[in-house]
Every structure is written in structure tokens, then in C-alpha cells.
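Listed here are the chains, written in short residue letters.
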Amino acid sequence: MLELHCHTTYSDGTLTPQELIAAALKAGVKALAITDHDTLAGWDDAFQAAADTPLEIVPGLELSTVYNDRSLHILGFYPDRAKLEPPLQERIAGRHRRAREMVEKLAALGYPIELPSMSGNMAPGRPHVAAALVKAGYVSSNQEAFTRWLGERGPAYVQYDKFSAEDGIRLLLDCGAVPVWAHPYLFRGGTVQTILPKLVEAGLKGVEVYHPHHSPSDERKLEEACEDYGLLMTGGSDYHGPASAGVNNSVGLNQLQVPLDLLPPLKAAAAALR
Ligand code: AMP
Ligand code: ZN
Ligand code: FE
Ligand code: FE
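Residues numbered from 1 in each chain as written. Chains lettered and ligands numbered in written order. Predicted model: local features only at pLDDT ≥ 70, side-chain atom pairs only at ≥ 80, totals over all residues. Heavy atoms only, no water.

K.L.:
Mind laying out the coordination of the iron ion (ligand 3), listing which residues take part and the relevant values?
P.N.:
Distances from the iron ion (ligand 3) to its protein donors, E62 (OE), H73 (ND1) and H183 (NE2), fall at 2.0 to 2.2 Å. Mapped onto the sequence, the donors of the iron ion (ligand 3) take the spacing E-x10-H-x109-H. The distance between the iron ion (ligand 3) and the zinc ion (ligand 2) is 5.7 Å. With H73 in strand β4 (residues 70-77) and H183 in the loop between β5 (178-181) and α7 (192-202), this pair connects stretches of sequence that are 110 residues apart. One exposure class covers both H73 and H183, and it is buried. (Donors = N, O, S within 2.8 Å, 3.2 Å for Na, K, Ca; no water. Helix = DSSP H or I, 4+ residues; strand = E, 2+ residues; numbered from the N terminus. Buried < 20%, exposed > 50% of the residue type's maximum accessible area, 1.4 Å probe, protein only.)

K.L.:
Describe the site of ligand 1, and please don't skip the residues or the numbers.
P.N.:
Around ligand 1, a shell composed of 12 residues is seen, among which R95, R98, R126, Y160 and H240 lie nearest. The separation between an oxygen atom of ligand 1 and a polar side-chain atom of D12 is 3.5 Å. H240 places a side-chain nitrogen or oxygen 3.0 Å from an oxygen atom of ligand 1. At the level of secondary structure, the elements contributing two or more residues to the shell around ligand 1 comprise α3 (81-108), α4 (126-135) and α5 (142-150). Its residues assigned to classes, the shell around ligand 1 shows three nonpolar, five polar and four charged. (Near = heavy atom within 4 Å. Polar contact = N/O pair within 3.5 Å; in protein donor to acceptor, adjacent residues only side chain to side chain. Nonpolar A, V, L, I, M, F, W, Y, C, P; charged D, E, K, R; others polar.)

So this is what it looks like as C-alpha cells:
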């Protein structure tokens, strides 16, 4: 089946692209999108690892934006890498600064930690900070670190650099990528009903309907909205690695059973942007 939302060690996933591809093949995935937060750095390893296998790689990313002061994620599929990588450098640099700021806040709260060193094309995120808090022995799980300090209203939380969802959608379109609103029902800054029309006006092309945090009734509502607005539907498990690694995965690879026939319309939309 189809997996259109996965993370690797180039952002906050716990599997390398090679390990992710091996796991996807084992789980029976036919086409797998690499959608790291704000970076395309995992693509090369993924394409290399999937060559000579039946697995199709869908190149993508998950762009972090801010809407109504809350984080809003937009998936982008099939971007023109040469065009998108330069503006992404700024976003990634912002993530490195933000990670340092969260570390400073935690130190001020009495919980000094050290983050593992990360190269310039890797995108640090809150799960890295959470893992360092676990490693230091302050909490027993990443989840606990989020509950105590790192949640969106937590005492060590730092928002992303200012970057609106509309600007994010425009950037993706400019770079030939199909913009899709990731996990709309995880958004905390307004209702799907009110936000979706605004994003469509900015050029949004699709919605991630199938996601582990969506209930069956959320999925029905999003299917209807896609029909009403003429939007593409996507889905994926937002896989960050095996649950044993202390990550917030509720389902494993391929468990959502996203139908493969969602892929051709996505490809057609990407071709139309070129
Ligand atoms: P960031 O982009 O740095 O704000 O981190 C967002 C990532 O943190 C998400 O993609 C998840 O992997 C993870 N995450 C968000 N909320 C939680 C939570 N409550 N518990 C554990 N992980 C979370
Ligand atoms: Zn993540
Ligand atoms: Fe996300
Ligand atoms: Fe994600």
C-alpha cells in the first residue's frame, strides 16, 4: 500500500533512510514518501537504498509553519530540489537556533542537557530535546518530557521562526511541490472548517485525510471537504521509527492501508506545476 508521511534520522525519526526502506519493504509498502521536517537531506540515501527494489520513493518534506500562533504542518510532494533547498537552509538554521533556545530554557529551569551534534542539513526538533531529557534521567519517556516541558504551551517550548502557512504554501508551489495540509485535526489554532478555506485560497492542493490521530469521523469529514473543494487526498502513518524507541507512534508502517490509487492524482498535480 501507500505511505505518504515518514520521518528519518535527518529530522526526528529514529531510523536511517536505509533502515526505513528495509522496514517498508518488509511491511509490504509499495510507495513510500520521505517527508522529513524542513529538510530534503534524506532523499539521496533513500533513493540509493530503494534502487533495485520494488519500492517506489516519493520525494517530499513536511514544512513547519505558524498559523494563529500555533504550528501548522504542510507536506510538499515532488519539489524541485535545486529551487527549494536554498530557502530551506534558512528554516533549518532556525530549527538549530530554536533547539538551542529550548536547551537554554531547560537549563534555566534546572534541567541542563546536551544535544547530540547535528550537521547543517539535519533538522533538529523537540523529540531530540525530549530524548536528551530522558538520557539525562530527568524523565522516563519522551512523552513525559512533552507533557512537562515541551508541549506547545509548555515552559520550555519555543515556536518556530515566523513563517506563515500561506507563505509556506506559496514557497512549495513556487518550487513545483504539491502542498498538502498535514494532520488537520492535530492543529490547535482554529477549526478545520474555518482554516481550510483560507489555505485553499493560498493555493493548497490537498489534505492528509488518513493519519493515526484522525478518528473515522474526522476522516469522513475530510473526505467530504476534499470533494467540496476539489482537493487531493493523501495519507500516511507519520512514522518516526519503532514504538520501542520511545516515539509517539500509534501505528506501524503500512497499518493504515492507504490505497495506492491516491498516488497517480498526486503525480498528475505535481506534473501540472512544472
Ligand atoms: P517540532 O517540529 O520540533 O515542534 O516537533 C514536532 C514533532 O514532535 C512531531 O512531529 C512529533 O514527532 C513530536 N511530538 C509532537 N507532540 C508530541 C507529544 N505530545 N509527544 C511526543 N512527541 C510529540
Ligand atoms: Zn516529527
Ligand atoms: Fe507533523
Ligand atoms: Fe510528521
